Amino acid sequence: MSARLSDYDYDLPRELIAQRPPRHREDARMMVLRRDQETIEHRQFRELQTFLQPGDLLVLNDTRVLPARRFSTDGAIEFLFLEHLGPRRWKCLVKPGRKMRAGATAKIDTVDLRVEEVTPEGERIVALDEAVDLYARGSMPLPPYIGRASDEEDKARYQTVFAQQAGAVAAPTAGLHFTQEILKEIPHAFVTLHVGIGTFLPVRSEDAADHRMHAESFSISPEAANKINKAQRVVAVGTTVVRVLETVALETQLLQAVESNQRKVMAQSGETDIFIYPPYRFRVVDCLLTNFHLPCSTLLMLVSAFAGREFLLRAYQEAIRERYRFYSYGDCMLIL
């Protein structure tokens, strides 16, 4: 088990980074990893049900991605609006940052904007000269490795079919493969975690223990908690679900002041900055469906904690040889 950042690096040919979604959501390939035997199978996502057992429960993240990307009227500044702080105040990321220091101004459509503050994390607090909904004409905040502007297709495809709770600036991408028809056939529950800017930020310290995650808001309903506690196996759909479930399990354990092997989560809402990396004992999640993740990322470390670092990186090398499609619009991996 390693906490060194460099131990989570790998080389990915750029042409394997998916720039567009597959024609149909369920068309993704699915690499199946069995942890007990360290075996790898090459299957299709539409075969997911064949790997599930009676008593399994899929848990999915129903956050909805905000159309948070805007550009200044002259096209010189790109904004990613993270949070509406008040009638005329917003928190955002900007690019290039050198043009938007404290006091700098810009115009979006007919609205004037001024930077009031630059936070230690590099976010901008901006004030508008009139109250407008900047999301109304925004575009989908595609990740930087998708080297194009978002379009009409992305409005539908960079959003899960079950998205309900608006608040994310990145999609919970493992959920993008599901259709309503597939979901109807599998017992499931929803939790919410609003994916924040931390998903875009690199780990800068060689020792993972020195990295600090951005807090993200989450919620889990009494109905979902009850289903999870009764499940024979919990199949987390995506790393965001893992972070919610493991956060709630840890807090439940602390509240009850007892160490138990029995799964127990309680309904709650709050914020989590949990950072899961090897070694870690998972308290709720039994299986994981996830996409392929960037080198040296917190998400790759989380999946390594679940599957084992060496086994996972071996699987990534096989995925590269087999020409899997990587990242948000790419293929997926089922870890049993």
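Check the entry above for the structure.
The paragraphs below set out a description of the structure included in this document. Small disclaimer: the values here were computed from a predicted structure and weren't measured.

### A short note on the overall build of the protein
In step 1: Each helix and strand counted, the protein has six helices and 17 strands in total.
In step 2: Taken against the 2.2 N^0.38 rule, which gives 20 Å for 336 residues, the C-alpha radius of gyration of the protein at 20 Å falls within 12% of a compact globule.
In step 3: Overall size of the protein, expressed as C-alpha extent along the three principal axes, is 60 × 50 × 45 Å.
In step 4: Per-residue burial over the protein gives 53% buried out of 336 residues.
In step 5: Put simply, of all contacts in the protein between residues at least 6 apart along the chain, 71% involve residues at least 24 apart.

### Overview of the environment of Arg157
In step 1: Mapped onto the fold, Arg157 is located in helix α1 (residues 152-157).
In step 2: For the pair formed by Arg157 and Pro22, sequence separation is 135 residues and the distance between their alpha carbons is 9.4 Å.
In step 3: Beyond its immediate stretch of four places on either side in the chain, Arg157 contacts Pro21, Pro22, Arg23, His24, Arg25, Leu176 and Tyr329.

### Structural notes on the sheet that holds strand β17 (residues 332-335)
In step 1: Strands sit in the order β2-β1-β17-β16-β14-β3-β12-β13-β15 across an open sheet of nine strands; the sheet is mixed. A single partner strand is all that each edge strand has here, and the edge strands are β2 (39-44) and β15 (268-272). Pairs of neighbouring strands in the sheet enclose a mean axial angle of 20°, with direction left out of account.
In step 2: Bridge count for strand β3 (residues 56-61) against strand β12 (residues 188-193) is four bridges, and the pairing is parallel. Across the sheet, Val59 pairs through a bridge with Ala189, a residue of β12.
In step 3: Along the sheet face, helix α5 (residues 298-307) touches β16 (287-291) and β17 and points at about 150° away from the line of β16.
In step 4: Sheet strands touched by helix α6 (residues 309-321): β1 (29-34), β2, β16 and β17. Its angle to β1, the strand with the most contacts, is close to 150°.

What counts as what
- Residues numbered from 1 in each chain as written.
- Predicted model: local features only at pLDDT ≥ 70, side-chain atom pairs only at ≥ 80, totals over all residues.
- Heavy atoms only, no water.
- Helix = DSSP H or I, 4+ residues; strand = E, 2+ residues; numbered from the N terminus.
- Rg over C-alpha atoms; globule rule 2.2 N^0.38 Å.
- Buried < 20%, exposed > 50% of the residue type's maximum accessible area, 1.4 Å probe, protein only.
- Contact = heavy atoms within 4.5 Å.
- Pairing = 2+ DSSP bridges.
- Axes fitted to C-alpha atoms, helices over the stretch in contact; angles between N-to-C directions.

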